[in-house]
Amino acid sequence: MTDSYLYSAVRTPFGRFRGALSEIRPDDLAAQVIGGVLAKTPALDPGRIDDVVWGNANGAGEDNRNVGRMAVLLAGLPTSVPATTVNRLCGSSLDAALIASRDIESGDADIVLTGGVESMTRAPWVLPKPGRGFPAGDVTAVSTTLGWRLVNERMPKEWTVSLGEANEQLVDRFAISRERQDAFALRSHRLADDAWNAGFYDDLVVPVSDGERTVLERDEGIRPGSTMEKLATLKPAYRTDGLITAGNASPLNDGASAVLLGSAAAADRIGVDPLARVAGRGRAAVDPQMFGFAPVEAVNRALKRAGISWADVDAVELNEAFAVQALACVDAWDVDPAIVNTKGGAIALGHPLGASGGRLLGTLCRRLQESGQRWGVAAICIGVGQALAVVLENVAGGSR
């Protein structure tokens, strides 16, 4: 067994639903971010990439037919570079990186390109296909943008509530106030804006072009002018007496991310030194409606496999699907909330489902480089009751 390392990570800016990226196909978004991550390692011959593992949650429209392979071809990589697409919903691109890390550690690959893409704007409506042609009645088109669709009647009703209702149940369980959720959301926007203004994201984000011009250079959903007073005016989104609003939940988004992983021996071929070692992985599952709390156990397992404890952790990147679920996880861990999402999170930056795991890894690695600290954790909750987590060890020098 050998170790696996992160060598490079980039993402596109994340666009709002029906925003600046709405005219860009998901396979084109994926191709552009592949070009962006490979531009960071110009000495690497793309033909030396052993595999591409790509994440995508929906896959019902232009991202069908193995979007990872489509992106490889559109990006101009040699046709000899294979690719697969994986779907673990919100965790898809993090799963892609973890699959790649295992492949490298087992010796089956030396260099693996991973990432993910989602265009929630362009996710199509679908029609259920009847067993026999030409039904006499009406047929309903179902949106594939987010959440349950075409639900199997055998599924228990308590499992198939909306994502918002599931998180209102977390509010009930953990008594996390509206004020606390709004304050968490406000912090996300403020820190994201601060990070952009300080240049933190300059090397992590590659602009998106429509072929003729640049259409987006910076995350589109950040609201630096938000205030607690403004957030307090927003109406509940899921229950008439609920506490979850559009302001304290992540939005619908479009975007892509990419992460290049390899063995230590691959450094000469890649042409740069590794940045971080994949030190521990964790996955967990709970009742589907409790998915927001699943990262708690996933991270605990990843820490155990890395051989460290919360006392060793210097940085945490936790996907903010909803403020309440992020707060519930942070409350359950023995961690200082001040080290969580210090460059903003999904409430401000956005959450294009298949791309978010790669964003977490890239941001975490960059934070460790910036601080010189050693250990970081990335984690993400996943619809239908799952979560993934990874521990990174900074190997770029200067860790303490």
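Residues numbered from 1 in each chain as written. Predicted model: local features only at pLDDT ≥ 70, side-chain atom pairs only at ≥ 80, totals over all residues. Heavy atoms only, no water.

Moving on: a nonpolar patch on the surface. A cluster of nonpolar residues, Val-151, Met-155 and Trp-159, forms a patch on the protein surface that exposes about 230 Å² of accessible area. Its location among the elements puts Trp-159 in the loop between β7 (142-143) and α4 (163-174). (Patch = residues over 30% accessible without salt bridge, like charges linked within 9 Å, V, L, I, M, F, W, Y side chains within 5 Å. Areas by Shrake-Rupley, 256 points an atom, 1.4 Å probe, with all protein chains shown as cover. Salt bridge = Lys/Arg side-chain N within 4 Å of Asp/Glu carboxyl O. Helix = DSSP H or I, 4+ residues; strand = E, 2+ residues; numbered from the N terminus.)

With that settled, consider helix α8 (residues 295-306). Over its 12 residues, α8 runs 16 Å from end to end, which matches the ideal 16 Å to within 8%, given 1.5 Å per residue. Among the residues of α8, Pro-295, Val-296, Ala-298, Val-299, Ala-302, Leu-303 and Ala-306 are the ones counted as buried. Looking straight down α8, one finds its buried side chains confined to an arc of 165 degrees; they lie on one side. In α8, those exposed residues whose orientation departs by more than 90 degrees from the buried face are Lys-304 and Arg-305. Where the residues of α8 are buried, they touch β11 (276-285), β12 (315-318), α9 (323-332), β13 (375-382) and β14 (386-394). (Expected span 1.5 Å × (residues − 1). Buried < 20%, exposed > 50% of the residue type's maximum accessible area, 1.4 Å probe, protein only. Arc of directions from axis to C-beta. Contact = heavy atoms within 4.5 Å.)

Attention now moves to the packing of aromatic side chains. The geometry of an aromatic ring pair comes down to the distance between the two centres and the angle between the two planes. Across all of its chains, the model carries 5 aromatic pairs by this definition. Considering the side-chain rings of Phe-200 and Tyr-201, the 5.0 Å spacing of their centres and the 90 degrees angle between planes classify their relative orientation as edge-to-face. Using a relative accessible area of 0% as the deciding quantity, one classes Tyr-201 as buried. Note on Trp-310 and Trp-333: the rings are 5.1 Å apart at their centroids and 40 degrees apart in plane angle, and the pair reads as tilted. Of the two residues, Trp-310 sits in the loop between α8 and β12 while Trp-333 sits in the loop between α9 and α10 (346-349), which places them 23 residues apart along the sequence. The pair Trp-310 / Trp-333 is uniform in exposure class, with both members buried. Grouping aromatic residues by their ring pairs yields a cluster made of Trp-196, Phe-200 and Tyr-201. A cation over a ring is seen here: Arg-11 above Phe-14, with NZ or CZ 4.7 Å from the ring centre. Taking the ring centre of Tyr-201 as reference, the NZ or CZ of Arg-11 above it sits at 5.1 Å. (Phe/Tyr/Trp six-rings, centres within 6.5 Å; stacked < 30°, edge-to-face > 60°. Lys NZ or Arg CZ within 6 Å of the ring centre and 35° of its normal.)

In terms of residue burial, strand β10 (residues 253-262) counts as a mostly covered element, since 10 of its 10 residues are buried. The alternating pattern of β10 places Asn-253, Gly-255, Ser-257, Val-259 and Leu-261 and Asp-254, Ala-256, Ala-258, Leu-260 and Gly-262 on opposite faces, both of which are buried. The pairing of strand β1 (residues 5-11) with β10 spans 6 bridges and is classified as antiparallel. Of the residues in β10, the one forming a bridge with Arg-11 is Ser-257. In this sheet, β10 lies alongside strand β2 (residues 15-16) in antiparallel orientation, the contact comprising 2 bridges. Of the residues in β10, the one forming a bridge with Arg-16 is Asn-253. Relative to β10, strand β5 (residues 111-119) is paired through 9 bridges, and the arrangement is antiparallel. Pairing of Ile-111 across the sheet is with Gly-262, part of β10. (Pairing = 2+ DSSP bridges.)

For the rest of this paragraph, the subject is the pattern of salt bridges. One pass over the full model with this rule turns up 21 salt bridges. Across the pair Asp-331 and Arg-180 runs a salt bridge, and its minimum N-O distance is 2.6 Å. Here the residue Asp-331 occupies a position in helix α9, and Arg-180 occupies one in helix α5 (residues 178-197), the gap between them amounting to 151 residues. We classify Asp-331 as partly exposed; its relative accessible area is 43%. Looking at Arg-180, the relative accessible area reads 35%, which means it is partly exposed. For Arg-213, the salt bridge is made with Asp-210, and the minimal N-O distance between the two is 3.6 Å.

This next bit is on the packing of α5 against α9. Orientation of α5 relative to α9, taken along the N-to-C sense of each, is 95 degrees, at an axis distance of 9 Å. One finds that α5 runs roughly perpendicular with respect to α9. Contacts between α5 and α9 pair Arg-180, Gln-181 and Phe-184 from the former with Ala-323, Val-324, Ala-326, Leu-327 and Asp-331 from the latter. Residue classes in the contact of α5 with α9 are distributed as 5 nonpolar, 1 polar and 2 charged. (Axes fitted to C-alpha atoms, helices over the stretch in contact; angles between N-to-C directions. Parallel < 35°, antiparallel > 145°, perpendicular 65-115°, else oblique. Nonpolar A, V, L, I, M, F, W, Y, C, P; charged D, E, K, R; others polar.)

The next thing to look at is unusual backbone geometry. Residues apart from glycine generally show negative phi values, whereas peptide bonds are mostly found in trans. For Leu-150, which is not a glycine, the phi torsion comes out positive at approximately 50 degrees. Relative to the helices and strands, Leu-150 resides in the loop between β7 and α4. Phi is positive for Asn-341, which is not a glycine, with a value near 55 degrees. In this fold, Asn-341 is placed in the loop between α9 and α10.

Our next topic: helix α2 (residues 67-74). Among the residues of α2, Val-67, Gly-68, Ala-71 and Val-72 are the ones counted as buried. The buried residues of α2 occupy one face: seen down the axis, they fall within an arc of 145 degrees. Where α2 is buried, its residues contact α1 (26-39), β3 (51-55), β4 (83-86) and β5. Following α2 by one or two positions, Gly-76 adopts a phi angle in the positive range, close to 85 degrees.

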